[in-house]
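Each chain, written out:
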Amino acid sequence: MTESDENIVDRIVDRISDRVSDRKGQEGQGAAKALDNDLLLRALMREPVPRTPVWIMRQAGRYLPEYRATRAEAGDFMSLCKNPELACEVTMQPLRRYALDAAILFSDILTVPDAMGLGLYFETGEGPKFERPLRTAAEIRNLPIPDVSGSLGYVFDAVRTIRRELDGRLPLIGFAGSPWTVGTYMVEGGSSRELGTIKALAKDDPASLSALMDKVAATTIEYLNAQVESGAQALMVFDTWGAALAPDDYRRFSLASMQKIVDGLIREREGRAVPVILFTKGAGPLLTDMAATGCDALGVDWTTDLSRARAYTGDRVALQGNLDPATLRESPETIREGVARVLESYGDGPGHVFNLGHGITPDIDPDHVGVLVDAVHEMSPRYHR
Ligand code: 1CP
């Protein structure tokens, strides 16, 4: 990064901190009506609950026939994201089927680089792609930090529409991708197994990669805070590809940028805490470093036992997870056994939110999700006595 770049990023970070302190001055105002079901928010703050709350990563999605019908009505995935009424409709769909304890905004982590001008598109049967991926130091230097209120206004409209529709029944989770995970798509131009291009950038020009992480972090802070101001009641940062880095590089590029985000977020609104969940898939022992960021909760994938994750984090944060999504392909009895094992692994006491260890896949029988949710309702109360 040149000195002038550093000044620009510092100025942006200062500007954001000023705005966060202005907003913090207004906290506690306009406390809304109490939630009918606030189990998720209580569990994320490690407060006592009568049973373990449950939601499913990617709960609105292709495994639901009604989702596929609404996406067809919208035309394509991005048109669905950009239509607040239809985004609200697909957010509500899983809540009509299952006794879930949270709604999650329907959107995608790649709306942020789209707003930065990279031209996101989806080809059927293939993952996300960018028309203008970032490859050179000059392209990173010239990358604009967008005014999110304009370019991502459709997301905030969706948040307001969903809050109105939820009418206090359940809390709404807002989200964004981690700068590293979003950066992998920006630099690779789409999904990549090896992450060869961005890893080469990390090695050959780490200053440019740090500059990119800073720009995405600055944009993400504005984006998540605007979601909170529009009505999001908890926030999750998805770092799907952080564990592809060696631990030192993870700390330098992924965790450092998530730390900036945690530091920049509004943490209280409508008279209560807005919990922040960080999720690095495959984090393992790095959960210890993640817990030190000051976030409220960590998502845990199925490759780490919750009992072990609890030991790594010393009960400093709540834990969310972690049933292997493949379990949902098995029989109802096997799903119930899987739920029992996850609950037993976390053990007694508050601070657990039941979820899959990663997103549900499109091939799952919707009835199997009902088996999971009902099993959590039935089996979890005994861990909260
Ligand atoms: O065909 C379709 O309808 C598009 C499939 C789809 C859906 C349903 C995409 C494209 N995004 C989404 C929604 C989405 N994505 C949500 C909200 C839905 C909900 O949870 O109910 C969320 C939280 C995401 C987050 C997301 N998008 C992540 C992080 C979480 C994770 O699962 O790892 C990532 C990596 C993406 C990128 C992305 N967008 C879409 C796809 C298929 C992908 C993954 C591409 C890849 O594997 O590299």
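Describing the confidence of the model for the protein chain
Next, step 1: Scored by pLDDT, the protein chain comes out at a mean of 93, with 92% of its residues at no less than 70.
Next, step 2: Confidence over residues 24-30 falls short of pLDDT 50; this stretch has seven contacts with residues more than four positions distant or in other chains.

What to know about helix α13 (residues 247-264)
Next, step 1: Its 18 residues place the ends of α13 24 Å apart at the C-alpha level, agreeing with the 26 Å of an ideal helix rising 1.5 Å per residue.
Next, step 2: Along α13, the sharpest change in direction is near 35° and occurs at leucine 255.
Next, step 3: Taken residue by residue, α13 has Tyr250, Phe253, Ser254, Leu255, Ser257, Met258, Ile261, Val262 and Gly264 as its buried positions.

What about unusual backbone geometry?
Next, step 1: Cis geometry is found at the peptide bond from glycine 321 to asparagine 322, where omega equals -5°.
Next, step 2: Structurally, asparagine 322 can be placed in strand β10 (residues 318-323).
Next, step 3: With a phi close to 65°, arginine 58 is a non-glycine residue in the positive phi region.
Next, step 4: Within the chain, leucine 195 stands out as a residue other than glycine whose phi angle is a positive 55°.
Next, step 5: Residue placement: leucine 195 occurs in the loop between α10 (179-188) and α11 (196-204).

Some words on the pattern of salt bridges
Next, step 1: In the structure shown here, the tally under the stated rule is 20 salt bridges.
Next, step 2: The salt bridge partner of glutamate 126 is lysine 129, with a shortest N-O separation of 2.4 Å.
Next, step 3: Here glutamate 126 falls in the partly exposed class, since its relative accessible area comes to 44%.
Next, step 4: On the basis of relative accessibility, which here comes to 23%, the residue lysine 129 falls in the partly exposed class.
Next, step 5: Two residues, arginine 267 and aspartate 296, come together in a salt bridge whose shortest N-O distance is 3.1 Å. Of this pair, arginine 267 sits in the loop between α13 and β6 (268-269) while aspartate 296 sits in the loop between α14 (287-291) and β9 (297-299), and the two are 29 residues apart along the sequence.

Looking at the packing of aromatic side chains
Next, step 1: Under the defined criterion, the tally for this structure stands at six aromatic pairs.
Next, step 2: A ring pair is formed by tyrosine 67 and phenylalanine 106, whose centres lie 5.6 Å apart and whose planes are at 50°; its orientation type is tilted. Here tyrosine 67 is found in helix α3 (residues 65-74), whereas its partner phenylalanine 106 is found in the loop between β1 (103-104) and α6 (111-118), with 39 residues between them in sequence.
Next, step 3: Judged by its relative accessible area of 7%, phenylalanine 106 is buried.
Next, step 4: On the basis of an interplanar angle of 85° and a centroid distance of 5.6 Å, the ring pair of phenylalanine 175 and phenylalanine 238 is categorised as edge-to-face. One end of the pair, phenylalanine 175, is in strand β4 (residues 172-177); the other, phenylalanine 238, is in strand β5 (residues 234-239), and 63 residues separate them in sequence.
Next, step 5: Given a relative accessible area of 13%, phenylalanine 238 falls into the buried group.
Next, step 6: Through a chain of ring-to-ring contacts, three or more aromatic side chains come together here, namely Tyr67, Phe77, Phe106 and Phe122.
Next, step 7: Directly above the aromatic system of tyrosine 346 lies the positively charged group of arginine 310, at a separation of 4.0 Å from the ring centroid.

How each quantity is defined
Residues numbered from 1 in each chain as written. Predicted model: local features only at pLDDT ≥ 70, side-chain atom pairs only at ≥ 80, totals over all residues. Heavy atoms only, no water. pLDDT = per-residue confidence, 0-100. Contact = heavy atoms within 4.5 Å. Helix = DSSP H or I, 4+ residues; strand = E, 2+ residues; numbered from the N terminus. Expected span 1.5 Å × (residues − 1). Bend = angle between axes of the 7 residues up to and from the residue. Buried < 20%, exposed > 50% of the residue type's maximum accessible area, 1.4 Å probe, protein only. Salt bridge = Lys/Arg side-chain N within 4 Å of Asp/Glu carboxyl O. Phe/Tyr/Trp six-rings, centres within 6.5 Å; stacked < 30°, edge-to-face > 60°. Lys NZ or Arg CZ within 6 Å of the ring centre and 35° of its normal.

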